[in-house]
Amino acid sequence: MTSERVSGWRRRAYNIAALRAEARRVLPRAVFDFVDGGAGDEHTLRENVSAFDAVPLYPRPIGGAESRDLSTTLLGHPLSLPLIVPPTGLAGLLWPEGEAASARATAAAGSIYCLSHGSVFSMEALAQTGAAPRWMQTYIYRDRGLTRETAARAAEAGYEGLIVTIDTQLLGNRERDIRNGFVIPPRLSAGEVARMAFKLGWLWRMRNAIPDITFGNYRRPGSGEDLTALAQRMLTLTDPGMQWRDIADLRAAWKGPLLLKGVLHPADAAEAVANGVDGVMVSNHGGRQLDGVASAFEALPAVADAVAGRAAVILDGGIRRGVHIVKALASGADCCTIGRAQLWGLAVGGEAGVAHAFDILRRELDLAMGLCGLADVAAIGPEVLARPPRAAPPPPEAPASGNGAGEGAGDSVERVPETGGPAGPEPTRYGDWERKGRAIDF
Ligand SMILES: Cc1cc2nc3c(=O)[nH]c(=O)nc-3n(C[C@H](O)[C@H](O)[C@H](O)COP(=O)(O)O)c2cc1C
């Protein structure tokens, strides 16, 4: 890529929404939609972002600082700003060696990279790049031995934290993927091929990487399993019948920070703490799982109240602006994540693109803090927000147990216009998509 081209996208991607527009320009439609889309009618996806707009800031500019300190600490890790990268599967579909590019940029930005279970790089291969700190994401599998084995592999490979995602035991209804016939490995429809004339940069960059797209953490050396078979096997692995005792078991097995991702209900947050979890990620999986659930920002205050400082609270979902970070921290979060914002950067400029996403948000956060008179992250508190009274969910009960015996108690995200793509009269290929291994969350 020439420096002229690099400066071109940098100039155009002046905020996260513009970075998204660039990603949309460079990626094949099905790949862009896989990243961008949500479940069902995408109501929760939109709400994740728009919920921030309902809560205005009340700045007190006098008493601020000439320069702001954005740094903080999360579960013992120093961060240069209160942002980390959550697990996002198949990043290697956006850029060659995508996970490594993103992990390097994240480390350079002074943050933590969380590797997805569904990454192209295996956890061992990413560890070999030396990018750190790294956390690993896993599930409660039907085969609890596989859960323990994954945790043991992550510890052996030097991952410091372990994230258990609890909202993807069944795959959400991703209708854009259905419409596009999105499969792994990618198969391009006739319409997609015709549109490829505008995606030559991606095609050229990925020409050697596409044949190597795989689920690195699940590939069994020498099994001869092709990617479709692998994706089908992955579909059967997670356990919708998991229980709190499974979290307690993992807590006993994993020595480092353990985080639960996909918590929206304060009672679950309290139960997580009772089971020894070190951090809860307030999340609806970026609106990709159950459409109609609360936005992460809406759910945040009650979860933070339930946790009451006994664990870290991470707001996961909808961060597109520096002010979103201020509002999340003022509502009880210790830190936020950037899922799609990081991926859009990756799609546009690889490592430099992820760095660019961090730069945009760092600049916006600094400006927001400066204009609010907030000298450092610790100064961001509820008094800077006017939260409307909220209808709280049922109050947390006293946790049933502390030992796992409980019973399981510029613009925001614009919608991709529904015209001009493969929608409309083209029949959905749902059966085909199911058979070929829609898989797993990516
Ligand atoms: C393309 C893509 C892949 C994802 N893959 C995973 C995954 O493998 N495991 C997981 O726990 N979350 C996964 N997520 C969810 C993210 O970790 C995160 O919850 C979400 O992106 C946050 O919302 P945001 O995109 O608005 O920042 C994925 C999200 C996207 C967009």
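Quick caveat, the model's predicted, so the values are computed rather than measured.

## Observations concerning the packing of aromatic side chains
Here the distance between the centres and the angle between the planes together describe a pair of aromatic rings. Summed over all chains, the structure comprises 4 aromatic pairs. When the ring of Tyr141 is compared with that of Tyr218, the centres are 6.4 Å apart and the planes differ by 85 degrees; the resulting orientation is edge-to-face. In this pair, Tyr141 sits in the loop between strand E5 (134-138) and helix H7 (144-156) while Tyr218 sits in the loop between helix H10 (200-205) and helix H11 (227-235), placing the two residues 77 residues apart along the sequence. Residue Tyr141 is classed as buried on the basis of its relative accessible area, which comes to 2%. Through a chain of ring-to-ring contacts, the aromatic side chains of Tyr139, Tyr141 and Tyr218 assemble into a single cluster. The positively charged end of Arg134 is found above the aromatic ring belonging to Tyr159, 4.5 Å away from the centroid. Sitting above the plane of the Trp204 ring, Arg207 keeps its charged end 3.6 Å from the centroid.

## Considering the sheet that holds E5
The strand order across the open sheet built from 8 strands is E3-E10-E9-E8-E7-E6-E5-E4, with neighbouring strands paired in parallel fashion. Edge positions in the sheet fall to strand E3 (83-84) and strand E4 (113-115), since each has one partner strand and no second. Sheet topology places strand E7 (residues 258-263) next to strand E8 (residues 279-283); 4 bridges connect them, and they run parallel. Along E8, the bridge assignment pairs Val263 with Val282. Of the strands in this sheet, E3, strand E9 (312-316) and strand E10 (335-337) touch helix H15 (residues 322-330), which is tilted by about 135 degrees from E10.

## Brief notes about the nonpolar core
Note on soluble globular proteins: their nonpolar side chains tend to be buried together. By size, the foremost hydrophobic cluster in this structure holds 114 residues, and its most contacted members are Leu27, Leu83, Tyr159, Phe215, Leu260, Leu315 and Ile319. No other element matches helix H16 (residues 340-372), which puts 15 residues into this core. With 12 residues, the next largest nonpolar core counts Leu74, Trp135, Leu259 and Cys335 among its residues.

## Quick notes on the site of the ligand
The immediate surroundings of the ligand are formed by 25 residues, with Pro87, Ser116, Gln137, Thr165 and Asp316 found nearest. Within the backbone of Gly318, one N or O atom sits 2.9 Å away from an oxygen atom of the ligand. Here the ligand has 600 Å² of accessible area as a free molecule, and 100% of this is covered by the chains. Listing elements by their share of the shell around the ligand, those giving two or more residues are helix H3 (29-36) and H16. Across the shell around the ligand, the residue classes break down as 7 nonpolar, 12 polar and 6 charged.

## Remarks on the pattern of salt bridges
Pairs may arise between side chains of opposite charge once their charged atoms sit close together. Under the definition given, this model contains 16 salt bridges. A salt bridge links Arg12 to Glu22; the shortest N-O distance between them is 2.9 Å. Of this pair, Arg12 sits in helix H1 (residues 3-12) while Glu22 is found in helix H2 (residues 16-26), placing the two residues 10 residues apart along the sequence. Overall, Arg12 belongs to the partly exposed group, its relative accessible area being 33%. Notably, a salt bridge pairs Arg176 with Glu42, separated by 2.9 Å at the nearest N-O pair. Here Glu42 lies in the loop between H3 and helix H4 (43-50) and Arg176 lies in helix H8 (residues 175-180), a separation of 134 residues in the sequence. The two residues Arg176 and Glu42 agree in class, both being buried.

So, how was this worked out
- Residues numbered from 1 in each chain as written.
- Predicted model: local features only at pLDDT ≥ 70, side-chain atom pairs only at ≥ 80, totals over all residues.
- Heavy atoms only, no water.
- Phe/Tyr/Trp six-rings, centres within 6.5 Å; stacked < 30°, edge-to-face > 60°.
- Helix = DSSP H or I, 4+ residues; strand = E, 2+ residues; numbered from the N terminus.
- Buried < 20%, exposed > 50% of the residue type's maximum accessible area, 1.4 Å probe, protein only.
- Lys NZ or Arg CZ within 6 Å of the ring centre and 35° of its normal.
- Pairing = 2+ DSSP bridges.
- Contact = heavy atoms within 4.5 Å.
- Axes fitted to C-alpha atoms, helices over the stretch in contact; angles between N-to-C directions.
- Core = buried A, V, L, I, M, F, W, Y, C linked by side-chain atoms within 4.5 Å.
- Near = heavy atom within 4 Å.
- Polar contact = N/O pair within 3.5 Å; in protein donor to acceptor, adjacent residues only side chain to side chain.
- Areas by Shrake-Rupley, 256 points an atom, 1.4 Å probe, with all protein chains shown as cover.
- Nonpolar A, V, L, I, M, F, W, Y, C, P; charged D, E, K, R; others polar.
- Salt bridge = Lys/Arg side-chain N within 4 Å of Asp/Glu carboxyl O.

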